[in-house]
Amino acid sequence: MAAGSTSLWDWDYAFSIIPDLLKALLTTIEITVLGSAVAFVLGLVIAVVRRARIPVVDQVLWALVEVIRSTPLLVQIFFLFFVLPRFGLTLSAFVVGVTALGVHYATYTSEVYRAGIDAVPKGQWEAATALSLPRSRVWTGVILPQAIPRVLPALGNYAISMFKEVPLLLAIGVVEVVNAGRELGSETFRFTEPYTIAGVLFLVLSYPASMLVRRLERRAAVR
Amino acid sequence: MITFDAVEKRFGDNVVLRELSFDVAPGEHVTLIGPSGSGKTTILRLLMTLEKVNSGTISVAGRYLSHMVKGDKLVPSDEKYCREVRMRIGMVFQQFNLFPNMTVRGNLIEAPTRVLGLSKDEANARAQDLLDLVGLGEKIDAHPTQLSGGQQQRVAIARALAMRPDVLLLDEVTSALDPELVAGVLKLLRDIGESTDITILCVTHEMGFARDFSDRVMMFDGGRVIEDAPPEKIFSDPDHRRTQDFLQAVLNH
Amino acid sequence: MSDNLSRIVPVLLQGLPPTVIATVGGIVLTILLSVPAGLLLLSSRRWVRVLVRIYVEGFRGTSEVVQLFWIYFVLPVLIGFQLVPLWAGVLVLGLNHGAYGAEIVRGAVQSVPRAQYEGAIALSLSPAQRMRRVIFPQALVEMLPPMNNLFIQLLKSTAILALITVPEVTRQARDVLIPNYGDDTILIFGLVFLVYLVLAAILTALMRLAERIASRRVGRRPSRAARVAARAAGPGVSDRMAGI
């Protein structure tokens, strides 16, 4: 390969590593999609359960959310990776990654859902109660359909932000873009190309995505 | 003191002032009346350089305000030039616009110290005098948010006067006040009008005040002055049909 | 278990200084970058706005880990000398969070009512005086709650410095403690979580104090609503989300 090259930037080398980096990018995207799914569902569950204010359950959830939000994702990744096996639960690094990202971001999305739910006027609850709708139907038929469209932009932003945190999983051996770049680089001792391309890949995906979310946001604000 | 010469002002397609020309003599008190949207407030905002003219010129005390002379040409005025001419003009706003990050004292001494270059002591003395004048001498270290609307507006008036302006612009200064506070502020303005020789331009819906405060009243409609006469004439024997209708609507509301 | 506690705690605490230095250094750099960048985003000159936009979007659009690796492994090749890992880390933390902070500053300045500019113009204050004396002190109140969130985010990000060999708390746990005290993983992680929680609590307490002071200066009480909104607004949300 171009290992002997001493120039700052070697185009041949750059092109030669793109296929491997793209494959790793696919893994990154998979993890983001799965992690977001966990975060969106779990966050909603947390928000709805917390809204019920069940004694003890509420305090425990509050404490869990606070601990997870205020401590580094990287530590949580290590935590799952090293602690779960002690309970006989040995998961692949990929699954640990999806779980860690999903749970971590669920604590963020639960706040988003809560704000969205709070933004539904009190009169909507009262009207639904006046119609004697069952509790579950109040949620699924009245409150959530009004709350969720409002929170979509914020959820989108969290998905994008999760995408950019997937590289943390290189610490437990997941071959996402940066890790792939590191492996390629350590074969050739050239890191400029892999890490620069990795940065560009993140930019070309996340920038248009956040523009899209911003558009969504503006449209939601007009409505 | 103030000269508008064929001033035109548009907001997009909406022509707010068309071919407007008038003069205001030094020391004169002029009240602008007319239906909302007739361009009265725009005149004050143009004078304060908060808006720019589309065509025509405005001058104050013999100097162009909307434009400046560059070589032998007249070009739209830039920020630096505006600031120079602007110093002679003060404005009191409908919503007071006091600075919430400063005390009453801070609001009063900010511009005199930083723009006029007064010493802290001079500015403080001036602030105290003016607050005494507006009846809030003991509120000098209060915070604007601790004051009632009427008190805030008195502070705003004092703040404008602290710059010793030649021209004072009053933009619906009582419109945001609770009814019981209006009379006090109007009385203060009458006192200031009598005791100083400041040229005052005033937009108001208080017709009683307009009648006994003004030397002249200008009735606006559709971006034009349709009637310009002393208050006695306007309020008792207006020439124009629109003026009659407007006054009737305002006085019988 | 408890006999190991006395051996585990000192090792973790050795990691505290790098974590604290990275946090404080990163915050200082964030402030130094985000205030000018935020104000320049409002410049009337287009090329200035475009230039600052490139910085902001460049750092918000790429992963912080990529930025860290780039500055630690690639930049030395370009500039010809190796950066001290801790300072490379501070640089990345500051550059990255400064980009997010710029948006906070811009949004806060824009949220000051137009009438305040007009009041300042009517007093003939110069553009610089208007910003410094009237607009910015009011904007400061708006920017503190989201800045608090940003700084907590930065504190958490200091953990990634473990990836470039900085012996901060996370690396101490991962590289020194886990291999040596394999039976005490839960204890070790409990302590690590505790360290970050305490640091986050201290940071928040300091920011609340700053909020109180800044609010008092504009005659307001610190707004709980603003804090809740900042918490729910999330990363990269450009304008405070209306209604949420």
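Just so it is clear, the model here is predicted, and its values are computed rather than measured.

Draft legend 1. Just the overall build of chain B, in detail. Helix and strand counts for chain B come out as 9 helices and 12 strands. Projecting the C-alpha coordinates of chain B onto the three principal axes gives extents of approximately 55 × 50 × 30 Å. With 253 residues in all, chain B has 55% of them scored as buried. In chain B, once contacts between residues fewer than 6 apart in sequence are set aside, the share between residues at least 24 apart is 63%. When the accessible surface of chain B is split by element, carbon and sulfur atoms take 46% of a total near 10,900 Å². Charge separation in chain B, taken as the distance between the mean sites of 29 positive and 36 negative side-chain charges, equals 5 Å.

Draft legend 2. A look at the interface of chain C and chain A. Contact with chain C, which involves 49 residues of that partner, is made by 49 residues of chain A. Across the interface of chain C and chain A, roughly 4,200 Å² is buried in total on both sides, 69% from carbon and sulfur atoms. Run the count over chain C and chain A and you get 2 salt bridges. Measuring nitrogen to oxygen at the nearest pair gives 4.0 Å for the salt bridge that ties Asp183(C) to Arg86(A). Only α3 (46–61), α4 (64–79), α7 (127–157), α8 (169–180), α9 (185–217) and α10 (224–233) of chain C provide two or more residues apiece to the side of chain C that touches chain A. Ranked by residue count, the leading element in the side of chain C that touches chain A is α4(C), at 9 residues. Tallied by class, the residues present in the side of chain C that touches chain A amount to 28 nonpolar, 12 polar and 9 charged.

Draft legend 3. Summary view of the pattern of salt bridges. Counted according to the given criterion, the structure contains 34 salt bridges over all chains. The salt bridge involving Arg114(A) is made with Glu111(A); its shortest N-O contact spans 3.3 Å. With Arg114(A) and Glu111(A) both in helix α4 (residues 93–118) and 3 residues apart, this pair spans about one turn of that helix. For Arg114(A), a relative accessible area of 36% translates into the label partly exposed. Classification of Glu111(A) by relative accessible area gives buried; the value is 6%. The residue Glu79(B) makes a salt bridge to Arg83(B) at a minimum N-O spacing of 3.4 Å. Linking Glu79(B) with Arg83(B), this pair stays in helix α2 (residues 79–86), spanning 4 residues, or about one helical turn.

Thresholds, definitions, all that
- Residues numbered from 1 in each chain as written.
- Chains lettered and ligands numbered in written order.
- Predicted model: local features only at pLDDT ≥ 70, side-chain atom pairs only at ≥ 80, totals over all residues.
- Heavy atoms only, no water.
- Helix = DSSP H or I, 4+ residues; strand = E, 2+ residues; numbered from the N terminus.
- Buried < 20%, exposed > 50% of the residue type's maximum accessible area, 1.4 Å probe, protein only.
- Contact = heavy atoms within 4.5 Å.
- Areas by Shrake-Rupley, 256 points an atom, 1.4 Å probe, with all protein chains shown as cover.
- Lys, Arg positive; Asp, Glu negative; His and termini not counted.
- Charge placed at Lys NZ, Arg CZ, Asp CG, Glu CD.
- Buried area = accessible area lost by both parts, 1.4 Å probe.
- Salt bridge = Lys/Arg side-chain N within 4 Å of Asp/Glu carboxyl O.
- Nonpolar A, V, L, I, M, F, W, Y, C, P; charged D, E, K, R; others polar.

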